[in-house]
Amino acid sequence: MKRLNLTILSSILLTASLMTIKSNAKDNIYQTYTKPIPKTYNLKELPKEVQEDIQSIQNMKYLKLKTSSDYEIAISNDDGTYSYIQSEENLNLAIDIANNLKNTKNQGIPVVINKEGIVIYATEGIGRIVKIIDGNVDTTNNYTTNVYKTSELKSPEHTYINHGYIDDVPIIEDNGQVVKIEVSGYTGYIKKQEDDGSLNIITVPMNQVNNLSHYTVNSNNELVHAISSDITSTPKYSYQTLGPAPSFMNQNTKYYSYDGNYFYTDINQLISDAKLDNHNNAINSNNPYYNYYQYLPGRSKTSYTSDDINRYFEQYTPSDSLLRNTGNYFIKAQNEYGTNAALLVGIAMNESDRGTSNLAKTKFNVFGTNAKDGYVEGADKFSSIEECIIRVSNYSFSNGYFNPKSWKYNSSSLGNKSLGANVRYASDPFWSEKAISRMYQLDKFLGGDTGLKDYNRYLLGMYTNETSVKNTLNKELYSILPQNTRTKNTCKGQVGDTTIVLNEKDSNNYNIRPDRIVPITETNINGDGTYLWDRDGVINKTNIKIINEKSNPNTDFTTHWAKSYIIDGMNKGWVDTT
């Protein structure tokens, strides 16, 4: 009852404020200013897109407050200005006033401004991932923000993100303390303000958003993700080319998506659907898109040889790159430890800046292993590039990110922030996209006139029900949990993970390529990440759906009596597609 009375009182005060706003319109407009940067940070070792993002946030405009109160309620006008309404000491009450104001016929978007002159709530807005400490924007990428499964923010967190790699996220809920967002395929909760007072997210009113991240189709009919580094200024994007565009998308159109599965031509419809937990207004509402390279399990093989990979490195790396002439190490890692060589190449190209990063040249570290945000100096050191590729393939991937027994495991695909290696490998929400853009580049270059050889090479299946993966002797290898129930304390598969469908075992079951070849209760082969390609898994057909159409292999054996055996051998990696 007390809150209701406060709300009624605030409505009365609000009405009075609105009556005077027109007569004092000029005096109500906020002045803006920028703050000097407290210290200079060397950005040279950071990726270009991170440098642009951090430099953009340094130019953030603050609002010169009208009062000394903790919060002020204002209107975000379509011309880019803000008009003062009234002040409040209580955040919840300030939010109530803003929401009530939304229901009036007044033009513009009601917002709440904190005592630092920063908009922290808007009735219609986009979240901007930042780090603001003591009122000053952070000019490093030393800090990460945890993303949780529930609004109670209970540990363990699902994943984490770094403000240097991302600018915009849709706000689905905002109670003033906790914000529900969607980031790189995952819908979760972040703390708006940490206990030390630092901010993790601010709000940009929708009428002041200039250039959101989006997808387009280029002239080569390829899908391109334009990732914004500043949604409040002139367009600043980094671009990732992700592969052939889906058939339902057209050139010269902007598509909005924060999961890469469902696409919208209207950002407001995207947010509206997100609040209702559906995708009814997506242009592909009944046909989710799954990028092949992104959902391809790591337990697969590239079509290309070590010589092919060396040709790719020669074409796409500088002459001083440490990745040159290393193709045989990637193929060795693939064959012995079950880690797709092209996938590893994509990661290495991204993490090492094409084999030229300081970590690569001083520590032979081309995967950024243990290069933590804010403490890159602690990254692993190797004796050679060969040791790096083999050891990381073995222990980090085969026995870690690709292993259902490991706390790092979230499906063996590169994935996004919902599933796959991206969940725990990197704070960059688009780390997987940057790797798969290199996988696609490799496939396009080496495929040449004959076309893509890796793309749709395998038939991909996605788990749809709680079940288990068994071996051919009917012994459980690992279980598949219900969706969004896996944590780093429950290291198993999950609905939504993908696998490679090899063939039909019988009328009820598929043979698949399992992420783990021995039961979780047993020690891995040789006690490490050794992977044997002839160990099939078995899954009931009712627990899996096919998410792509496999490309037809070369047709020179179309009428051969052993066609089915050849295709089976290709699926298992025993026979090259050529």
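Residues numbered from 1 in each chain as written. Predicted model: local features only at pLDDT ≥ 70, side-chain atom pairs only at ≥ 80, totals over all residues. Heavy atoms only, no water.

Draft legend 1. Molecular detail of the environment of alanine 421. Secondary-structure assignment places alanine 421 in the loop between α11 (385-401) and α12 (422-425). On the basis of relative accessibility, which here comes to 1%, the residue alanine 421 falls in the buried class. Alanine 421 sits 66 residues away from threonine 487 along the chain, and the two C-alpha atoms are 13 Å apart. (Helix = DSSP H or I, 4+ residues; strand = E, 2+ residues; numbered from the N terminus. Buried < 20%, exposed > 50% of the residue type's maximum accessible area, 1.4 Å probe, protein only.)

Draft legend 2. Representation of the layout of surface pockets in the model. One number sums up the size of the second largest pocket: a volume of about 940 Å³. Contributing elements (two or more residues each) for the lining of the second largest pocket: β12 (178-183), β13 (186-191), α5 (267-276) and β18 (459-463). A breakdown of the residues in the lining of the second largest pocket according to their chemical character gives 15 nonpolar, 14 polar and 7 charged. (1 Å grid on protein atoms, 1.4 Å probe; cavity = no way out; pocket = protein on both sides within 12 Å on 5 of 7 lines; lining within 4 Å. Points joined across faces, edges and corners; volume = space filled by probe spheres on them. Nonpolar A, V, L, I, M, F, W, Y, C, P; charged D, E, K, R; others polar.)

Draft legend 3. Looking closely at empty space enclosed by the protein. Throughout the structure, instances matching the rule amount to 7 cavities of 30 Å³ or more. There is about 120 Å³ of room inside the largest cavity. In this structure, the largest cavity is lined by 17 residues; those nearest its centre are Tyr215, Asp259, Gly260, Gln294 and Glu433. When its residues are assigned to classes, the lining of the largest cavity shows 7 nonpolar, 8 polar and 2 charged. Approximately 70 Å³ is the volume found for the second largest cavity. By residue class, the composition of the lining of the second largest cavity is 5 nonpolar, 5 polar and 1 charged.

Draft legend 4. The arrangement of the packing of aromatic side chains in detail. For the structure on display, the rule yields 22 aromatic pairs. Aromatic side chains tyrosine 237 and tyrosine 239 sit 5.9 Å apart centroid to centroid with 55° between the ring planes, which places their arrangement in the tilted category. Assessed through its relative accessible area of 15%, tyrosine 237 is described here as buried. Accessibility expressed as a relative area gives 53% for tyrosine 239, which makes it exposed. Ring-pair connections join several aromatic residues into one group, and the members of that group are Phe367, Phe397, Tyr401, Phe402, Tyr425 and Trp431. Just above the ring of tyrosine 30 sits the side chain of lysine 66; from NZ or CZ to the centre is 5.6 Å. The ring of tyrosine 160 has lysine 417 sitting right over it, with the charged end atom 4.6 Å from the ring centre. (Phe/Tyr/Trp six-rings, centres within 6.5 Å; stacked < 30°, edge-to-face > 60°. Lys NZ or Arg CZ within 6 Å of the ring centre and 35° of its normal.)

Draft legend 5. Looking closely at helix α3 (residues 48-58). Three or more residues of α3 are buried, namely Val50, Asp53, Ile54, Ser56 and Ile57. The arc that holds every buried residue of α3, seen down its axis, measures 160°, which confines them to one face. Here the buried face of α3 lies against β7 (125-133), β8 (136-137) and β16 (222-228). (Arc of directions from axis to C-beta. Contact = heavy atoms within 4.5 Å.)

Draft legend 6. Quick peek at the pairing of strand β10 (residues 159-162). A two-sided burial pattern is seen for β10, the buried positions comprising Thr159 and Ile161 on one face and Tyr160 and Asn162 on the other. When strand β9 (residues 144-147) meets β10, the two strands line up antiparallel, connected through 4 bridges. Across the sheet, residue valine 147 finds its bridge partner in β10, namely threonine 159. (Pairing = 2+ DSSP bridges.)

Draft legend 7. Focus on the side chain of asparagine 310. One can find asparagine 310 in helix α7 (residues 306-316). A polar atom in the side chain of asparagine 310 sits 3.2 Å from the backbone nitrogen of threonine 326. When residues no more than four places from it in sequence are discounted, the contact partners of asparagine 310 are Asn325, Thr326 and Gly327. (Polar contact = N/O pair within 3.5 Å; in protein donor to acceptor, adjacent residues only side chain to side chain.)

Draft legend 8. How the structure looks around the environment of threonine 542. Positionally, threonine 542 belongs in the loop between β24 (537-540) and β25 (544-546). The spatial distance from the C-alpha of threonine 542 to the C-alpha of phenylalanine 430 is 32 Å, given a sequence separation of 112 residues. Residues in contact with threonine 542, not counting those within four places in the same chain, are Thr464 and Asn465. Of note is the side chain of threonine 542, whose polar atom sits 2.5 Å from the side chain of asparagine 540.

Draft legend 9. Examining the pattern of salt bridges more closely. Overall, the coordinates contain 16 salt bridges when judged by the stated rule. Taking the shortest distance from any N to any O, the salt bridge between aspartate 167 and arginine 128 comes out at 3.0 Å. In this pair, aspartate 167 is assigned in the loop between β10 and β11 (168-174) and arginine 128 in strand β7, connecting sequence segments 39 residues apart. With a relative accessible area of 2%, arginine 128 lands in the buried category. In the salt-bridge network here, residues are joined through shared partners; they are Glu49, Asp428 and Lys434. (Salt bridge = Lys/Arg side-chain N within 4 Å of Asp/Glu carboxyl O.)

Draft legend 10. Molecular detail of α11. Between its terminal C-alpha atoms α11 stretches only 21 Å, short of the 24 Å expected from 17 residues at 1.5 Å a residue. Helix geometry: α11 is bent most strongly at valine 392, by close to 35°. Within α11, 12 of the 17 residues are buried, leaving the element largely enclosed by the surrounding structure. Listed as buried for α11 are Ile385, Cys388, Ile389, Ile390, Val392, Ser393, Asn394, Ser396, Phe397, Ser398, Gly400 and Tyr401. (Expected span 1.5 Å × (residues − 1). Bend = angle between axes of the 7 residues up to and from the residue.)

Draft legend 11. Inspection of the environment of asparagine 325 at higher detail. With respect to the element layout, asparagine 325 can be found in the loop between α7 and α8 (327-337). It is 40 Å that separates the C-alpha atoms of asparagine 325 and isoleucine 480, two residues lying 155 residues apart in sequence.

Draft legend 12. Up close: the pairing of strand β20 (residues 476-481). Here β20 lies mainly inside the structure; 5 of its 6 residues are buried. Pairing geometry for strand β19 (residues 467-471) and β20, over 4 bridges, is antiparallel. Along β20, the bridge assignment pairs valine 469 with tyrosine 478. As judged from the 2 bridges shared by β20 and strand β21 (residues 493-494), these two strands associate in the parallel manner. Note that in β21 the partner of leucine 481 across the bridge is glutamine 494.

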